[in-house]
Amino acid sequence: MKKHVYLVDDDEAIRKALTLLLETVGLDVRSFASPETFLNQAPGLTPGCLILDIRMPAISGLKLQEKLTEQGMTWPTVVISGHGDIKACRRAFRNGAIDFLSKPVDEQDLIDAIQKGHAELEARQQALEEHAEAIALITQLSVREQEVLGMIAKGLTTKQIADALGLSPRTVESHRAAIAAKAGTSSAAELTRFWLDAQVDP
């Protein structure tokens, strides 16, 4: 799967140099000369790692970062600056940046930061897939089976579940068997994971 990088910098020489560098390590790079151009195209882009120059006319890299966050686009972001200062660095990290690099950018530091960003994207995607899988399972269960699964996730035994729901242990075991058949596992740990994944919206 291609790993996408979006570089926003008003300095053409830097855009060309960084694009060449990143393409040599197999990354799919698209560069933008202004934040406005990127904002216009952002809704149609595949998620990737952002590289933002901190100082640009009209909209700074930090302001662009804030605008994207407001729009719910929280892609991993590396902020680069030729005028790095502690205040700007803190603001970048507060807005969710994964790294803050000073110009001239150390090539390996930039590549490492981008790899960290893509690892974060992959983790988010996996969480989304696990959430969707868990929701799909939960919707297959009856209301009673969902109650039983919730109690399994809390660590209750069959007898404790039976007492809590006013059922016989045999009936609870029947529900557990039905849940296991639909989930494809009878493991309490796996069933608990399904339950927890369904509760948390990634």
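What you see is a predicted model, and the numbers here were worked out from it, not measured in a lab.

Participant: Give me the lowdown on the overall build of the protein chain, citing residues and values where you can.
Facilitator: Scanning the protein chain for helices and strands turns up nine helices and five strands. Over its C-alpha trace the protein chain gives a radius of gyration of 24 Å, far above what one expects of a compact globule, namely 17 Å for 202 residues. Dimensions of the protein chain, computed from C-alpha atoms along their principal axes, come out at roughly 75 × 35 × 30 Å. With 202 residues in all, the protein chain has 43% of them scored as buried. When the accessible surface of the protein chain is split by element, carbon and sulfur atoms take 52% of a total near 11,000 Å². Measuring between centres, the 22 positive side-chain charges of the protein chain sit 6 Å from its 28 negative side-chain charges.

Participant: Give me the lowdown on the pattern of salt bridges, citing residues and values where you can.
Facilitator: Under the counting rule described, the total for this entry stands at twelve salt bridges. Taking the shortest distance from any N to any O, the salt bridge between Glu122 and Lys3 comes out at 3.8 Å. Of this pair, Glu122 sits in helix H5 (residues 107–140) while Lys3 is found in the segment before strand S1 (4–8), placing the two residues 119 residues apart along the sequence. Taking relative accessible area as the criterion, Glu122 reaches 39% and is therefore assigned partly exposed. Measuring nitrogen to oxygen at the nearest pair gives 3.2 Å for the salt bridge that ties Arg193 to Glu190. With Arg193 and Glu190 both in helix H9 (residues 188–199), this residue pair falls three residues apart, about one helical turn. Here the salt bridges do not stand alone but share partners, grouping Asp9, Asp53 and Lys103 into one network.

Participant: Go over the packing of aromatic side chains, please, and point to the residues and values.
Facilitator: Any two aromatic rings considered together are summarised by their centre-to-centre distance and by the angle between their planes. Counted by the stated rule, this structure contains four aromatic pairs. Residues Tyr6 and Phe32 carry aromatic rings whose centres are separated by 6.5 Å and whose planes lie at 50° to one another, so their mutual orientation is tilted. Taken together, the residues span a long stretch of sequence, with Tyr6 in strand S1 and Phe32 in strand S2 (residues 28–32) at a distance of 26 residues. Connected via pairs of aromatic rings, a cluster forms that spans Tyr6, Phe32, Phe38 and Trp75.

Participant: So what's going on with the state of the cysteines? Residues and values would help.
Facilitator: Considering all chains together, one arrives at zero disulfides under this definition. For the unlinked cysteine Cys49, the closest cysteine sulfur is that of Cys89, found at 16 Å. With relative accessibility at 0%, the residue Cys49 sits in the buried group.

Participant: I'd like to hear about the side chain of Thr158, residue by residue, with values.
Facilitator: Relative to the assigned elements, Thr158 resides in helix H7 (residues 158–165). A polar atom in the side chain of Thr158 sits 2.8 Å from the side chain of Glu173.

Participant: Which residues make up helix H4 (residues 86–94), and what are the values?
Facilitator: Among all positions of H4, only Ala88, Cys89 and Ala92 are buried. One face of H4 carries all of its buried residues, which in axial projection span an arc of 100°. Counted as exposed and oriented over 90 degrees from the buried face of H4: Ile86, Lys87, Arg90 and Arg94. If you follow the buried residues of H4, they end up packed against helix H3 (61–70), strand S4 (77–81) and strand S5 (97–102). Gly96 occupies a position one or two residues after H4 and carries a positive phi of about 100°.

Participant: So what about the nonpolar core? Which residues, and what values?
Facilitator: One finds Ile138, Leu141, Val148, Leu149, Ile161, Ile179 and Leu191 to be the most contacted residues of the largest nonpolar core, which totals 19 residues. Listing elements by their share of this core, those giving two or more residues are H5, helix H6 (143–153), H7, helix H8 (169–183) and H9. Val148 has contacts with Ile161, Leu165, Val172, His175, Arg176 and Ile179, leaving out every residue within four places of it along the chain. If you look at the next biggest cluster of nonpolar residues, it comprises 18 residues, including Ile51, Ile80, Val105 and Ala113.

Rules and cut-offs
Residues numbered from 1 in each chain as written. Predicted model: local features only at pLDDT ≥ 70, side-chain atom pairs only at ≥ 80, totals over all residues. Heavy atoms only, no water. Helix = DSSP H or I, 4+ residues; strand = E, 2+ residues; numbered from the N terminus. Rg over C-alpha atoms; globule rule 2.2 N^0.38 Å. Buried < 20%, exposed > 50% of the residue type's maximum accessible area, 1.4 Å probe, protein only. Areas by Shrake-Rupley, 256 points an atom, 1.4 Å probe, with all protein chains shown as cover. Lys, Arg positive; Asp, Glu negative; His and termini not counted. Charge placed at Lys NZ, Arg CZ, Asp CG, Glu CD. Salt bridge = Lys/Arg side-chain N within 4 Å of Asp/Glu carboxyl O. Phe/Tyr/Trp six-rings, centres within 6.5 Å; stacked < 30°, edge-to-face > 60°. Disulfide = S-S within 2.5 Å. Polar contact = N/O pair within 3.5 Å; in protein donor to acceptor, adjacent residues only side chain to side chain. Arc of directions from axis to C-beta. Contact = heavy atoms within 4.5 Å. Core = buried A, V, L, I, M, F, W, Y, C linked by side-chain atoms within 4.5 Å.

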